[in-house]
2 protein chains.
Amino acid sequence: MSRKERTVIALDAMGGDAGPEMVLAGAAIAQERYPLVSFLLFGDEEKVKPVLEKYPLLKEVTELRHAPDYIASDLKPSLALRQGRKSSMRYAINAVKEGEAKSIVSAGNTGALMATAKFVLRMIPSIDRPAIATVFPTNKGECVVLDLGANLECDAENLVQFAMMGSVFCSAVLGVASPSIGLLNIGVEEMKGHDEIRTAASILRERPIHGDFVGYVEGNDIMAGTTDVVVTDGFSGNIALKAVEGTARLMANMLRQAFSRTIFGKIGYLFACRALKKMKLRVDPRRYNGAMFLGLKGVCVKSHGGTDPEGFANAIGVAYDLVDRKFNERICDEMARHYGCDEETPNTEDSASTEGK
Amino acid sequence: MSRKERTVIALDAMGGDAGPEMVLAGAAIAQERYPLVSFLLFGDEEKVKPVLEKYPLLKEVTELRHAPDYIASDLKPSLALRQGRKSSMRYAINAVKEGEAKSIVSAGNTGALMATAKFVLRMIPSIDRPAIATVFPTNKGECVVLDLGANLECDAENLVQFAMMGSVFCSAVLGVASPSIGLLNIGVEEMKGHDEIRTAASILRERPIHGDFVGYVEGNDIMAGTTDVVVTDGFSGNIALKAVEGTARLMANMLRQAFSRTIFGKIGYLFACRALKKMKLRVDPRRYNGAMFLGLKGVCVKSHGGTDPEGFANAIGVAYDLVDRKFNERICDEMARHYGCDEETPNTEDSASTEGK
């Protein structure tokens, strides 16, 4: 099978706390799950090549390209843009821009990935700011939450656009025809919250966007599954995401202790372990790894930096699905419908050449 | 035993989603737990009296005082101040101001409670803004988180003062001699976050406050128990608190399902139920009900509006403990130590009489 028929995903081999070992082990898992995937792998050849040798099947569908540099996890986004032109992350994003790959997955520096992807791939017309979205497990199924950290502060129109993008993302990824949309606030009353939240709510009540705006929701509504989409600024969204992860981890630990401390607990576990494993699978943070950068002309997926190969494989799965379901084309359509702008096909415009010094 | 020897707690009988029924049932539980407590109960006599009749033991230690009005849950704080002068909430707070009660507990409108308590009780000298603090269960034990919703936006000095108050609160309530303090952010790197967070961090690195400032923490660090105190603005804190609650509830639901769906699950539960009940008790949101308004000259505790009697009894317990451990006196000492201001004894100054029109 030629690479043309495959879904090519660009990978930043140097991103994440554990670097190439984790990335390649994850790619190997993804390659088993998606027989039609192939990879363009960017990284320090000297470090990556020996690791790739460990995965002969992966090696068959992977093209390794040397990148002399990489982006440190604490590098400022502005510096990453200027100093990281020869980094594995930048090269991987360039591959999407140039049409060599359909999407890019990185577990590296979130701010640098966002800034570089925004600069190289450019924004979908009419969208002012990109947002990070991911899927959360809820009491009713699953929901989409955004922004999870791309924007520390957001104005009302940013929040409105997040709602529009999140709703289309929800339709594409979760198959909900007309998603219900909630705006995260510290109370459901009309008068609560920051000015920008109140203004965003009044715009959303008027604008006939894809989906159904239902009003304010609170932190507990995320996991309750009150709405299919929860919209918030990047600071609060990031805090919420990590608070959820932390709570799930605490409860899993406590559960483990409950079953191992007494002989009755141990016997109980033997009987209930199948049901418990099913439950564990449902809330496994690795299952929900893979956050999408919405609003860019190209699919860019951020994996948690501290994930393991299983989690990274899931992030690759998100990228694969989004390409497969033509998600970005659907966002372009929705934006064109509201803002009446020209729809441009992703990956065709030359913008990387205009890079400033 | 005379009322003088008891710890008198003022209760707002009309606050909370379920009103006097929930409040009085909660007080009845608290009265069993704290033989030295007595209550000043404020509310609509016609509605409260028949409920009080149901609890003869509670009635013995309770003085019911009629309040013709109450604060609706959606009333703006500014209106609550102006229109709520004859409300149960206001009367209960006045009782603390006038030294009749040592503390006040309400499950009513948070904003109104904060505004009224701040206006009537006044701030401890040198503290610019009050904060809401509560205790969270963590992987290592417990931690204090603040602010949970008193201040939508905070400047650097506000955050620094929250750190100082939170640290003293942690010592008083959790008995930690020198609490470790973390500032909630979306990354642990130096350059991340809003300006005010970065400025607060640099002040905290210099100022020799009670406790030990360790730097930034993230949302997952709350439940991991990375620090004894987590400091944040009221918007993010409220989102985090409710995200944690929602996650705990989701996992409890899933666990219940796992044990009830199959016969093996049910048998497993029979063996493990003792250990599981112990675990449930540890993360029960009712156990952690009762948030303290820090920074006021008087102990003011807010109960969750949707709690049940068990939860409300715990909020009363928080108020009781704080009075018992002379928490407010300790905060005054810490502030006086840093800002060199005159220390004033709570409940002595006449400020309610200066109320504007």
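For the structure itself, consult the block above.
Structure report, in brief. Sequence order sets the numbering: in each chain, residues are counted from 1 along the sequence as written. Think of it this way: whatever chain is written first is A, whatever ligand is written first is 1, and the rest follow in order. In keeping with the predicted nature of the model, local features appear solely for residues at pLDDT of at least 70, side-chain atom pairs appear and are counted solely at 80 or more, and the whole-chain, interface and lining totals rest on all residues. For side-chain calculations, the full set of non-hydrogen atoms in the structure is used, while hydrogens and water are omitted.

1. Focus on unusual backbone geometry
All names here are of chain A.
Consideration 1: The step from L146 to D147 runs through a cis peptide bond, and the omega angle for that step is 0 degrees.
Consideration 2: In this description a helix means any DSSP run of H or I spanning at least four residues, a strand means any run of E spanning at least two, and both kinds are numbered starting from the N terminus. Position of D147 among the secondary structure elements: in the loop between β6 (142-146) and α7 (156-174).
Consideration 3: Phi is positive for R122, close to 70 degrees, though the residue is something other than glycine.
Consideration 4: Tracing the backbone shows R122 in the loop between α6 (110-121) and β5 (131-137).
Consideration 5: According to the relative accessible area criterion, R122 is partly exposed, its value standing at 33%. For the exposure calls, accessible area comes from a 1.4 Å probe over protein chains only, and a residue counts as buried if that area is under 20% of its type's maximum, exposed if over 50%, partly exposed in between.

2. Brief notes about the relation of the copies chain A and chain B
Consideration 1: Structural alignment of chain A on chain B gives an RMSD of 0.0 Å, achieved by rotating through 180 degrees and translating 0.0 Å along the axis. Here the transformation between the copies is reduced to the relation of a two-fold axis. When C-alpha positions in chain A are compared against the rotation axis, the closest is assigned to G268 of chain A, at 1.9 Å.
Consideration 2: Only heavy atoms matter for contacts: two residues are in contact if any of them lie within 4.5 Å across the pair. Comparing interface residues between copies, 100% of those in chain A also lie at the interface in chain B; the contact surface is shared. Superposing the copies works by least squares over the C-alpha atoms of residues that have pLDDT at least 70 in both of them.

3. Looking at the sheet that holds strand β4 (residues 103-106) of chain A
Residue and element names in this part refer to chain A.
Consideration 1: Following DSSP output, two strands are said to pair if at least two bridges run between them. Strand order across the open sheet formed by 11 strands is β3-β2-β1-β4-β11-β10-β5-β6-β9-β7-β8, with mixed pairing between neighbours. Edge strands, defined here as strands with exactly one partner in the open sheet, are β3 (62-66) and β8 (212-217). Within the sheet, the average angular offset between the axes of one strand and its neighbour, ignoring direction, is 25 degrees.
Consideration 2: Axis lines are fitted through C-alpha atoms, for helices just across the contact stretch, and the angle between N-to-C directions can take any value from 0 to 180 degrees. Sheet strands touched by helix α1 (residues 19-33): β1 (7-12) and β2 (37-43). Its angle to β2, the strand with the most contacts, is close to 170 degrees.
Consideration 3: Helix α2 (residues 45-52) rests against β2 and β3 of the sheet, and its axis sits at about 160 degrees to β3.

4. What about the nonpolar core?
Consideration 1: The definition of a nonpolar core used throughout is a set of buried Ala, Val, Leu, Ile, Met, Phe, Trp, Tyr and Cys residues joined through side-chain atoms within 4.5 Å. Formed by 246 residues in total, the largest nonpolar core has its most connected members in L11 and F39 of chain A together with F39 of chain B.
Consideration 2: Ignoring any residue separated from it by four or fewer positions in sequence, one finds L11 of chain A in contact with V23, A27, F39, L40, L41, F42, A92, V105, F312 and I316 of chain A.

Take it as geometry only, folks, not as evidence of what the structure does.
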